[in-house]
Amino acid sequence: MTTKKNLNYCALIKCNTLLKMTLTFTIVMLCHSNVSAAISYNFSAFGTVGYAISDQPYQYMQYVDNEGTFARDSLIAGQLDIQFTPKLTTTIQVKLAADKSQESGIAPELTWAFLSYRPNNEWVINLGMLPIPGYLNSVNRDVGVTYDYVRLPAEFDSKSPVNNILGVSISKIIPLPDSEFIIDAYAGRAKHKWRYYIGDDLDETYSTGATYNKVTLDLIGTSITYKTTENTYLAGIHMARIKNYGDSLWLKEIGYQAFSPDIGFYNNYSSDGAVAVDSYDMFIANIGVDIHLGNDFRLASELILRKNMDIDIGLNTLSGYVSLRKTMNKWTPYLLYSQIKTETDTLDTYQKINNNEIPNSILSDAQTQQINTSQHVLADIHQGYDQFSIALGTSYRFNPLSVLKAEVMFVQVNDASNLFDISSDYQSSNYNATIFTVSYSFAF
């Protein structure tokens, strides 16, 4: 009998085989004497050196605190485009940046490695490791010279733990006078180490700090984009099957043990009604615009809804941002507002768990402390988001391939935010941080 675990392993083998086939085909084409004479190459590189510092000791976006860091925004990358024929090309991109699968260090990453076949000017088929389409900055999110913000807003950019898949995408371009429609469809798989921050020590089970859950994501989606010479409008629908290939499970139902009608504690015990699952389906819908308002003003905004019906967790969110920027010669100052909030019922569950305590009179002091600590740990795993940020910044372009940026951002957390690493030494709601960032981005 074939188990689900075996099927999952087979799918991973197929994905790795697809990547190997893509790279092997590229090498064979490069070595083939009849083809090599007609091959053209184009190498480009880009990078960012960014420094960010907060006025608070707790970390934001994994790295930023009052000690300052280069890790959050700094990177360097190279891209090789190989054209075998006018219809067939290969793109390979490698990036060196902070290793987000662990707490420190840097690591190289093969971000893109795909074949692209364009039978005519209206169709494009990509196969291999490629970016997920359907957002304003899908392709250029790492290329700092292509946008004026210091970084893409975290409330929106946290929409997905992955931005690239190993799979296939098909694009249909419908040209119109002075504009075009682009219809994208894609399917693929990604592996990821999903980061959680636990704010308390609990026996030998959990300790304060980050923990990583190994998952695979099977993604499929479609989007439509309308572009004019000055404006872009888009909308997309995406589905993701998220599955553990480690030992951790998600809670579909949270257990509860009552000592009295008003006193009890939440837990993951099956005997108290907890139900665990090793996968769930996430639905994502998004819209976005980037439009010219006149007088060198531009307005950009994206909105995204994440929803799953399988488990009750804080990832069920509505998030988005709106920005206003104005170009004045080499300067482009901007104002950016961004927000993320877990749906009301799910956020209420988070608060009930996190704020739940049992009095000392029922159990021993040690047992009481252990149970009350477990409520905070369970809330950290459940997750919750209720924050907004306001950023004021500017970019200064020395030339199209060289830009200096600076920004001050105020972040306010209301009920909860898993974008901050909050230990039990600090309150887990109603706090804020001010973050200063300066960066230099380049390309050649």
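Treat the numbers as computed from the prediction; the structure is a model and nothing was measured.

A. Examining the pattern of salt bridges more closely. The final tally for this structure, using the stated rule, is 19 salt bridges. Among the salt bridges present, the one from Glu407 reaches Arg151, with a minimum N-O distance of 3.8 Å. Highlighted residues: Glu407 in strand E20 (residues 402-417) and Arg151 in the loop between strand E6 (123-131) and helix H3 (154-157), separated in sequence by 256 residues. As far as the burial class goes, Glu407 and Arg151 line up, both buried. For Lys307, the salt bridge identified is with Glu343, shortest N-O distance 2.9 Å. Here Glu343 lies in the loop between strand E18 (331-342) and helix H4 (344-355) and Lys307 lies in strand E16 (residues 297-307), a separation of 36 residues in the sequence. Look at Lys307 and you get partly exposed, because its relative accessible area is 26%. Judged by its relative accessible area of 27%, Glu343 is partly exposed. Each member of the salt-bridge network shares a partner with another, and the members are Lys95, Glu109, Arg141, Asp142, Asp157 and Lys159.

B. Highlighting the environment of Lys243. Within the secondary structure, Lys243 sits in strand E10 (residues 232-244). Residue Lys243 is classed as buried on the basis of its relative accessible area, which comes to 13%. Each C-alpha atom of the pair Lys243 and Asn42 lies 38 Å from the other, and the pair is 201 residues apart in sequence. For Lys243, the side chain forms a polar contact with the side chain of Asp278, separated by 2.9 Å.

C. Structural context of empty space enclosed by the protein. Tallied over the entire structure, the rule returns one cavity of 30 Å³ or more. As a volume, the largest cavity reaches approximately 70 Å³. Lining of the largest cavity is provided by Met61, Arg151, Leu152, Pro153, Ala154, Glu155, Leu336, Ser389, Ala391, Glu407 and Met409. Looking at the lining of the largest cavity, the elements that each hand over two or more residues are H3, strand E19 (385-399) and E20. Considering only residue class, the lining of the largest cavity consists of seven nonpolar, one polar and three charged.

D. Fine view of the environment of Asn354. Within the secondary structure, Asn354 is located in helix H4. The spacing of Asn354 and Leu378 is 24 residues in sequence and 7.6 Å in space, taken between C-alpha atoms. In this structure, Asn354 is in contact with Gln375, His376, Ala379 and Ser428, ignoring residues within four places of it in sequence. Among the polar contacts listed, one links the side chain of Asn354 to the side chain of His376, at a separation of 3.1 Å.

E. Examining the pairing of strand E1 (residues 40-54) more closely. As paired strands, E1 and strand E3 (residues 75-85) are joined by nine bridges and run antiparallel to one another. Its bridge partner lying in E3, Phe43 is registered against Leu80. Where E1 lies against strand E22 (residues 431-443), nine bridges are found, and the strand directions are antiparallel. Each residue of the ladder has a partner; that of Tyr51, found in E22, is Val438.

F. Expanded view of the layout of surface pockets. Computed from the structure, the second largest pocket encloses a volume of approximately 940 Å³. Along the walls of the second largest pocket sit 38 residues, with Ser138, Val139, Ile182, Asp184 and Lys227 positioned nearest its centre. When residues of the lining of the second largest pocket are traced back to their parent elements, those giving at least two are strand E4 (88-98), strand E5 (106-120), E6, strand E7 (164-176), strand E8 (179-198), strand E9 (209-228), E10 and strand E17 (317-326).

G. Local environment of the side chain of Asn137. Tracing the sequence through the fold places Asn137 in the loop between E6 and H3. For Asn137, a relative accessible area of 14% gives the class buried. Residues contacting Asn137, with those up to four places away along its chain left out, are Tyr147, Leu152, Glu302 and Tyr321.

H. Representation of the environment of Glu253 within the structure. Within the secondary structure, Glu253 sits in strand E11 (residues 250-253). Taking the relative accessible area as the measure of exposure, Glu253 reaches 43% and is therefore partly exposed. Sequence separation between Glu253 and Asp272 is 19 residues, and the spatial gap between their C-alpha atoms is 9.9 Å. With residues near it in sequence (within four places) discarded, Glu253 still touches Gly273, Ala274 and Val275.

I. Layout of a nonpolar patch on the surface. On the surface, a nonpolar cluster with roughly 580 Å² of combined accessible area is contributed by Val322, Leu335, Tyr337, Ile390, Leu392, Val408 and Phe436. Listing elements by their share of the nonpolar patch, those giving two or more residues are E18 and E19. Secondary-structure assignment places Val408 in strand E20. Using a relative accessible area of 31% as the deciding quantity, one classes Val408 as partly exposed.

J. Local environment of unusual backbone geometry. You will see that Asn295, though not glycine, has its phi angle at about 55 degrees, which is positive. If you trace the backbone, Asn295 turns up in the loop between strand E15 (279-294) and E16. Unlike most non-glycine residues, Asp296 shows phi in positive territory, near 65 degrees. Classification of Asp296 by relative accessible area gives partly exposed; the value is 45%.

K. Main features of helix H5 (residues 365-382). With 18 residues, H5 ought to run about 26 Å at 1.5 Å a step, and its terminal C-alpha atoms sit 26 Å apart, in line with that. Here H5 has its buried residues at Thr368, Ile371, Asn372, Thr373, Ser374, Gln375, Val377, Leu378, Ala379, Asp380 and His382. Packed against the buried residues of H5 are E8, E11, strand E12 (255-260), strand E13 (263-267) and H4. At the exit of H5 stands Gln383, carrying a positive phi of roughly 75 degrees.

Here is what the cut-offs are and how they apply
- Residues numbered from 1 in each chain as written.
- Predicted model: local features only at pLDDT ≥ 70, side-chain atom pairs only at ≥ 80, totals over all residues.
- Heavy atoms only, no water.
- Salt bridge = Lys/Arg side-chain N within 4 Å of Asp/Glu carboxyl O.
- Helix = DSSP H or I, 4+ residues; strand = E, 2+ residues; numbered from the N terminus.
- Buried < 20%, exposed > 50% of the residue type's maximum accessible area, 1.4 Å probe, protein only.
- Polar contact = N/O pair within 3.5 Å; in protein donor to acceptor, adjacent residues only side chain to side chain.
- 1 Å grid on protein atoms, 1.4 Å probe; cavity = no way out; pocket = protein on both sides within 12 Å on 5 of 7 lines; lining within 4 Å.
- Points joined across faces, edges and corners; volume = space filled by probe spheres on them.
- Nonpolar A, V, L, I, M, F, W, Y, C, P; charged D, E, K, R; others polar.
- Contact = heavy atoms within 4.5 Å.
- Pairing = 2+ DSSP bridges.
- Patch = residues over 30% accessible without salt bridge, like charges linked within 9 Å, V, L, I, M, F, W, Y side chains within 5 Å.
- Areas by Shrake-Rupley, 256 points an atom, 1.4 Å probe, with all protein chains shown as cover.
- Expected span 1.5 Å × (residues − 1).

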